[in-house]
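# Commentary on secondary and tertiary structure
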Amino acid sequence: MAACGRIEMDTEENSGSQSVGAAGSGDAAMFSGFKDMDAFVKHGLGAVVAVTKAAAGLPQAGDEYDFYRSFPAFQSFCEAQGDRLLQCMSLLMRYHGCRAHSRDRNSLTGLEESFDLVVDSNDVILERAGILLDEASGVSRTQQPIMPVGFQPPKTVVSSWNRRGGDLAQRNTLETIRLLQAKNIQRPQLKFKEKVDNSNTPFVLKIFIKPNAIKPLSSYFTNKRLRKERPEDLDIPAALADFVHQQRTQEHMDDMFAHPYQYELDHLLMPESLMSKPEPQMYRPIDETPCKFIDSLEELVMLNEKLAKTTEFAVDLEHHSYRSFLGITCLMQISTRDEDFIIDTLELRSEMYILNETFTDPAITKVFHGADSDIEWLQKDFGLYVVNLFDTHQAARTLNLGRHSLDHLLRLYCSVDMDKRYQLADWRIRPLPQEMFEYARADTHYLLYTYDRIRLDLLEAANGQPTLIQVAWQKSKTISLKVYMKPIYTEHSYLELYRKQKTTFNTQQLTAFRLLYGWRDKLAREQDESTGYVLPNHMLTKISENLPKEPQGIIACCNPVPPLVRQQVNELHLLIQQARDMPLLKAEIVAEKKKGLTPSKQPRVPLFGPHDISHVPESPLFDFSSSPVEAKHGVLFSEEEPAEEMEPWTCLVASAKITLFAEEDTKQKKVVPLTVAQQKACSIMESFENPFRMYLPSKDNNIHISKTAKYDPSSKVYEISNRWKLQSIEQQKKEAEAQQEARARAREAAKRASEEKKKAQQSYQESLKDVQTVRQQAREAARLEATKREGDSSHLEQSAPKAKKKQLNPTEKASKKAPPEASVPFKPFDYSEAPLKVFSGAKPKESVQFDPNKKVQETKQKKNSKAPKMKPSAGNRSMSYVAKSERGFRHNWPKR
């Protein structure tokens, strides 16, 4: 209901505007029931205000509206009022000659079609009110009104060339001419000598001859046809093959993507003929002007010779982009003061470079209208470039006209109404129908006269000075410097389209959107079809939002179903399933913020100088005394990224780099000798050298150069980088010599260390000569023991048995030399004469050492004694008690 109220408000306001225009014509019948026009306007304004208040008081869409909708009385009231509003809107639309609402529309698309009808009707009514107001204020220069009051022919908005509207009596009928559908046309790409390159690589310029050149063309473009001599690169795209060839030959790629006429356009001056006051030369009637259709090479050469004799000519292009990925230029219209020419660019696509001789001639002015796209199309399809361009669209903007379209300029200067029904037609049709032929011819036939008139108006607006003409010419020159850029697909390309949508996706929907976007781009490049033909944007968004579970759901989201979607529906279904497997989260796309060292620019006041801070508030200024700032070395063109984001206002203090008067402190530094492990670690680290060291600045210089500035020939840094390359090579040589010296010193130190090690080993071996080994000491002890036994036996024989021989100390035994074994005769030992009493039956002396079996022996003695035995109780048994069952254990066994 609120939407219906707003629509009624717009229609009544438009009706009021129409009534005001009718009152200006003197028709008093329009104000029946009102005193004058002011009373009618006040009544209409009150009605509009009442409608607005009523619409605002209705329940809003949502829970409140659904609650009221549940009451049958409110529901019937809404339906009755809605039918009444639709009836009023239909009457207003029929009155103004527009298509009205119909009740038998499809329930699925009826709302969208009704909304489109309302929008079209509002456009028609507002346009008519504007025309009547311009006529009442005297802006229109025509004697008769462009459109009669109360009459508007049906505005048929069709993109097909084969239908045209009839007169007023037959406005609901359509007349059909020869060819009905453009889909039966054979694709012109199949006839091209040079195949279209839709690969995901940058666009390579097609020019190989540069006429009217001040600076010669780069050798890369002149030798570009040598690509055929490289059969190994025939299987890859042309742009990639050229890039590989550049890397092989180590040639510069600065001119590979630059504008070939950059130097000529930078040094181009505005012709003196543009500064003088022109005399408009009236155009010839279109019926009396000859027009020629050019589709052969001989006719194209003759046309180029005719254009070389003129001082200016008008150019326009007709382009087709629906059934091609990059688009195709189908027609070129050229008009001189006396003739019109239409060139079949589909047939002469590979020979159009001939026109570069006249298109790049600075003495000839080329007049375009809206050349932004035409300049790129000429480069993309034909390798044509324009020097000395004048764009009437930019001139109209400089003149501050209300409208800048070619239709408005022709109506203003030539009193000609253009028929724009064929603006979106399929220009691939051959043979070209007569209606389309005349439409294409009219685009440039009146353009030269419009060029004269608009220059005259620019001079008058500048009080006879050519300042405004210079502004328009400079803007046209900027347009001619544009370079065509091929659309390149990246992993983030889908985000540009996603940000244009008004919906918010979760992770599953965003993943489906990304996968479908990549699938569409890949298929469009392979089939050479536009992305709108493969899968339009609104269908792509709808499929991503709904995430159908079945292939039939994907078909249901598309109306009408694109042919390639119907063929690849199973593949699309797999992509949707892959997206549904993602975890369900809310996706947030945040724009990446570029890190920068410079603070954000504050708005400047033009009345103050850049160093005048009197008008700047105190808050954004940085207080240097409040907080200490760490001094950092000044670095020019630093490629290192800061670890943390800097504050918007920071202070970067650069320390002085002049060391002319600095005292050298090299003598104070002490050289610390490295250990063997440290030397090995240093040698290992030195072996890992950077292969790109020659391209980097030296270690002593803190100045770095960015990659973009290093390979940009237009910058001064390019020369500096070449000098740094030489310096880096010299520095590399010095470093290599220093490394060799360090290695030699390391070898000498290692040699000295090895010699010292050898000496230490020799001294150690010499010290071990006088030291006896363990085996030698054991042998010596055995020999001394044997000698002792022999000495004891001989002493017993000589002395009395009670005489005791003085025993020698171990030190004396070791020092005393034993006689050789050969001199001592063997004599058996007589144990009866030994002083030991073990064998004589005497009780041995108790040993002081601990005997673990002593208790056992004591228990045995107690058992064998004649003392009376008492049976101890079970609880009084000690650890030494041995039971009968334990008498066979090993601790009771007899000893040796």
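Residues numbered from 1 in each chain as written. Predicted model: local features only at pLDDT ≥ 70, side-chain atom pairs only at ≥ 80, totals over all residues. Heavy atoms only, no water.

What follows deals with the overall build of the protein. Helix and strand content of the protein: 30 helices and eight strands. Across the 896 residues that make up the protein, the buried fraction comes to 31%. Of the contacts made within the protein by residues no fewer than 6 positions apart, 66% connect residues no fewer than 24 positions apart. With an accessible surface of roughly 62000 Å², the protein has 54% of that area assigned to carbon and sulfur atoms. (Helix = DSSP H or I, 4+ residues; strand = E, 2+ residues; numbered from the N terminus. Buried < 20%, exposed > 50% of the residue type's maximum accessible area, 1.4 Å probe, protein only. Contact = heavy atoms within 4.5 Å. Areas by Shrake-Rupley, 256 points an atom, 1.4 Å probe, with all protein chains shown as cover.)

Now for a nonpolar patch on the surface. Taken together, the side chains of Phe 67, Tyr 68 and Phe 71 make up a nonpolar region of the molecular surface, amounting to roughly 310 Å² of accessible area. Mapped onto the elements, Tyr 68 comes out in helix α3 (residues 63–69). (Patch = residues over 30% accessible without salt bridge, like charges linked within 9 Å, V, L, I, M, F, W, Y side chains within 5 Å. Salt bridge = Lys/Arg side-chain N within 4 Å of Asp/Glu carboxyl O.)

On to the sheet that holds strand β6 (residues 340–344), then. Taken in spatial order, the six strands of this open sheet run β3-β6-β5-β4-β7-β8, and their pairing is mixed. Of all the strands in the sheet, the pair left with one neighbour each is β3 (291–294) and β8 (389–391). Averaged over neighbouring strand pairs, the angle between their axes works out to 25 degrees when direction is ignored. With five bridges connecting them, strand β5 (residues 328–335) and β6 associate as antiparallel partners. In the sheet register, Leu 331 faces β6, and the bridge partner there is Asp 344. On top of the sheet, helix α15 (residues 434–445) reaches β3, β4 (312–320), β5 and β6; it is set at about 55 degrees to β5, its chief contact. (Pairing = 2+ DSSP bridges. Axes fitted to C-alpha atoms, helices over the stretch in contact; angles between N-to-C directions.)

Before going further, it helps to spend a moment on the packing of helix α14 (residues 406–414) against helix α16 (residues 447–461). Axis separation between α14 and α16 bottoms out at 10 Å; the angle between their running directions is 75 degrees. Judged on the interaxial angle alone, α16 and α14 are roughly perpendicular. On the side of α14, the interface is formed by Leu 406, Leu 409, Leu 410, Tyr 413 and Cys 414, while α16 contributes Leu 447, Tyr 449, Thr 450, Arg 453, Ile 454 and Asp 457. Across the contact of α14 with α16, the residue classes tally to eight nonpolar, one polar and two charged. (Parallel < 35°, antiparallel > 145°, perpendicular 65-115°, else oblique. Nonpolar A, V, L, I, M, F, W, Y, C, P; charged D, E, K, R; others polar.)

Before going further, it helps to spend a moment on the pattern of salt bridges. Should their charged atoms come close, side chains of opposite charge can pair. Counted by the stated rule, this structure contains 21 salt bridges. Residues Lys 193 and Glu 351 are paired through a salt bridge, measuring 3.2 Å at the closest nitrogen-oxygen approach. Of this pair, Lys 193 sits in the loop between β2 (174–176) and α6 (219–222) while Glu 351 sits in the loop between β6 and α11 (356–359); the two residues are 158 residues apart in sequence, bridging distant segments of the chain. Taking the relative accessible area as the measure of exposure, Glu 351 reaches 15% and is therefore buried. The salt bridge involving Glu 780 is made with Arg 783; its shortest N-O contact spans 2.1 Å.

What follows is about the side chain of Lys 486. Within the secondary structure, Lys 486 sits in the loop between α17 (467–480) and α18 (494–500). Of the residues examined, Lys 486 reaches a relative accessible area of 8% and is grouped as buried. At 3.3 Å, the side chain of Lys 486 and the backbone oxygen of Asp 197 are in polar contact. Once residues within four sequence positions are removed from consideration, Lys 486 is found in contact with Asp 197, Ser 199, Thr 201, Pro 202, Phe 203 and Leu 326. (Polar contact = N/O pair within 3.5 Å; in protein donor to acceptor, adjacent residues only side chain to side chain.)

Geometrically, a pair of aromatic rings is defined through the distance of the ring centres and the angle of the planes. This structure, assessed with the given rule, holds 20 aromatic pairs. Their ring planes at 75 degrees and their centres at 5.7 Å tell us that Phe 67 and Tyr 68 sit as a pair that is edge-to-face. Tyr 68 gets classed as partly exposed once you look at its relative accessible area, which sits at 35%. Their ring planes at 25 degrees and their centres at 6.2 Å tell us that Tyr 489 and Tyr 517 sit as a pair that is stacked. Taken together, the residues span a long stretch of sequence, with Tyr 489 in the loop between α17 and α18 and Tyr 517 in helix α19 (residues 507–527) at a distance of 28 residues. (Phe/Tyr/Trp six-rings, centres within 6.5 Å; stacked < 30°, edge-to-face > 60°.)

Another point: the nonpolar core. In this structure, Cys 414, Tyr 446, Trp 519, Leu 535, Ile 543 and Val 565 are the most contacted members of the largest nonpolar core, which totals 78 residues. Per-element tally for this core: the top contributor is α19, with nine residues. If we ignore the near neighbours within four places in the chain, the residues touching Cys 414 are Tyr 283, Leu 409, Tyr 446, Tyr 449 and Thr 450. In terms of nonpolar packing, the next biggest core, distinct from the first, is built from 25 residues, Leu 317, Ile 343, Leu 348 and Phe 382 among them. (Core = buried A, V, L, I, M, F, W, Y, C linked by side-chain atoms within 4.5 Å.)

A few words on helix α10 (residues 297–308). Its twelve residues give α10 an end-to-end C-alpha distance of 17 Å, which sits within 8% of 16 Å, the value for a rise of 1.5 Å per residue. Residues of α10 that are buried: Leu 300, Leu 303, Asn 304 and Leu 307. All buried residues of α10 project into a common sector of 100 degrees when viewed along the axis, lining one side. The elements touched by buried residues of α10 are β3, β4, β5, β6 and α11. (Expected span 1.5 Å × (residues − 1). Arc of directions from axis to C-beta.)

Buried residues dominate β6, accounting for five of its five residues. Here β6 shows two buried faces, one formed by Asp 340, Ile 342 and Asp 344 and the other by Phe 341 and Ile 343. With four bridges connecting them, β3 and β6 associate as parallel partners. Its bridge partner being in β6, Phe 293 is matched across the sheet by Ile 342. Adjacent in sequence and paired antiparallel, β5 and β6 are bridged by four residues.

Our focus in this paragraph is a negative patch on the surface. Where like charges cluster on the molecular surface, the negative patch consists of Glu 112, Asp 116, Asp 120, Asp 123 and Glu 127. Along the polypeptide, Asp 123 turns up in helix α5 (residues 110–137). (Lys, Arg positive; Asp, Glu negative; His and termini not counted. Charge placed at Lys NZ, Arg CZ, Asp CG, Glu CD.)

Overall, the predicted model of the protein reaches an average pLDDT of 74, with 61% of residues at or above 70. Contacts of residues 810–822 to residues separated by more than four positions or lying in other chains number eleven contacts, the stretch itself having pLDDT below 50. (pLDDT = per-residue confidence, 0-100.)

What follows is about helix α12 (residues 372–381). Residues of α12 that are buried: Asp 374, Ile 375, Leu 378, Gln 379, Lys 380 and Asp 381. Looking at the buried side of α12, the elements it contacts are β4, β5, α11, β7 (365–368), β8 and α17. Residue Gly 383 follows α12 closely and has a positive phi angle near 70 degrees.

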